[in-house]
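Here is how the chains run, residue by residue.
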Amino acid sequence: MSQVTQIAVDNQTFATFRTTLNSSLDALNTGHLGSSRPSSAVAGTIWLDNSATDTIAMKLFDGTDDLTLFSVNTSTNAITLPNDVSITETDPSAIPFAIALG
């Protein structure tokens, strides 16, 4: 798990700057993986929730709520979309793909 409480790097000594920068880059590199929303989240932050066993859910913080975009079962690699998600296609040349998606 890698999350930080602050992404911004304040004026500070070089050693502290290096530690803060490395922690921020590590959090970005791991997708803010954790069991709860990172405290540094602002509207638009995407983070990975690993609070459920064998599941990683990609979530978007909208400034108020965490919206689940999809989840992955790490045992079976199955991807699950939320029940209220629908996939539509309006491009006439994409009809074969729309049919394939169901």
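These numbers come from a predicted model, not from an experiment.

Analysis parameters
- Residues numbered from 1 in each chain as written.
- Predicted model: local features only at pLDDT ≥ 70, side-chain atom pairs only at ≥ 80, totals over all residues.
- Heavy atoms only, no water.
- Pairing = 2+ DSSP bridges.
- Helix = DSSP H or I, 4+ residues; strand = E, 2+ residues; numbered from the N terminus.
- Salt bridge = Lys/Arg side-chain N within 4 Å of Asp/Glu carboxyl O.
- Buried < 20%, exposed > 50% of the residue type's maximum accessible area, 1.4 Å probe, protein only.

### Considering the sheet that holds strand E4 (residues 79-80)
Judged by pairing direction, the sheet is antiparallel, and its four strands sit side by side in the order E1-E2-E3-E4 without closing on themselves. Every interior strand has two partners, whereas the edge strands, strand E1 (46-49) and E4, have only one. Bridge count between strand E3 (residues 66-73) and E4: two bridges; the pairing is antiparallel. From the neighbouring strand, Val72 faces E4, where its bridge partner is Ile79.

### Thoughts on the pairing of strand E2 (residues 55-61)
Sheet topology note: the E1/E2 ladder contains four bridges and is antiparallel. Residue Asp49 lies in a different strand from E2, and its bridge partner there is Ala57. Turn length for the E1-E2 hairpin, with the two strands adjacent in sequence and antiparallel, is five residues, and the turn residue Asp54 shows positive phi of about 60°. As defined by bridge partners, E2 adjoins E3 across seven bridges and the pair is classed as antiparallel. Bridge pairing links Ile56 to Val72 in E3. Hairpin connection between E2 and E3: a loop of four residues separates the two successive antiparallel strands, and Gly63 in this loop has a positive phi of roughly 105°.

### Focus: the pattern of salt bridges
Inspection of the entire model under this criterion finds two salt bridges. Two residues, Asp66 and Arg37, come together in a salt bridge whose shortest N-O distance is 3.0 Å. Linking Asp66 in strand E3 with Arg37 in the loop between helix H1 (14-29) and E1, this pair joins segments that are 29 residues apart in sequence. Look at Asp66 and you get partly exposed, because its relative accessible area is 28%. With its nearest N and O atoms 2.9 Å apart, the salt bridge here joins Asp49 to Lys59. Of this pair, Asp49 sits in strand E1 while Lys59 is found in strand E2, placing the two residues 10 residues apart along the sequence.

Function cannot be inferred from these measures alone, as they are strictly geometric.
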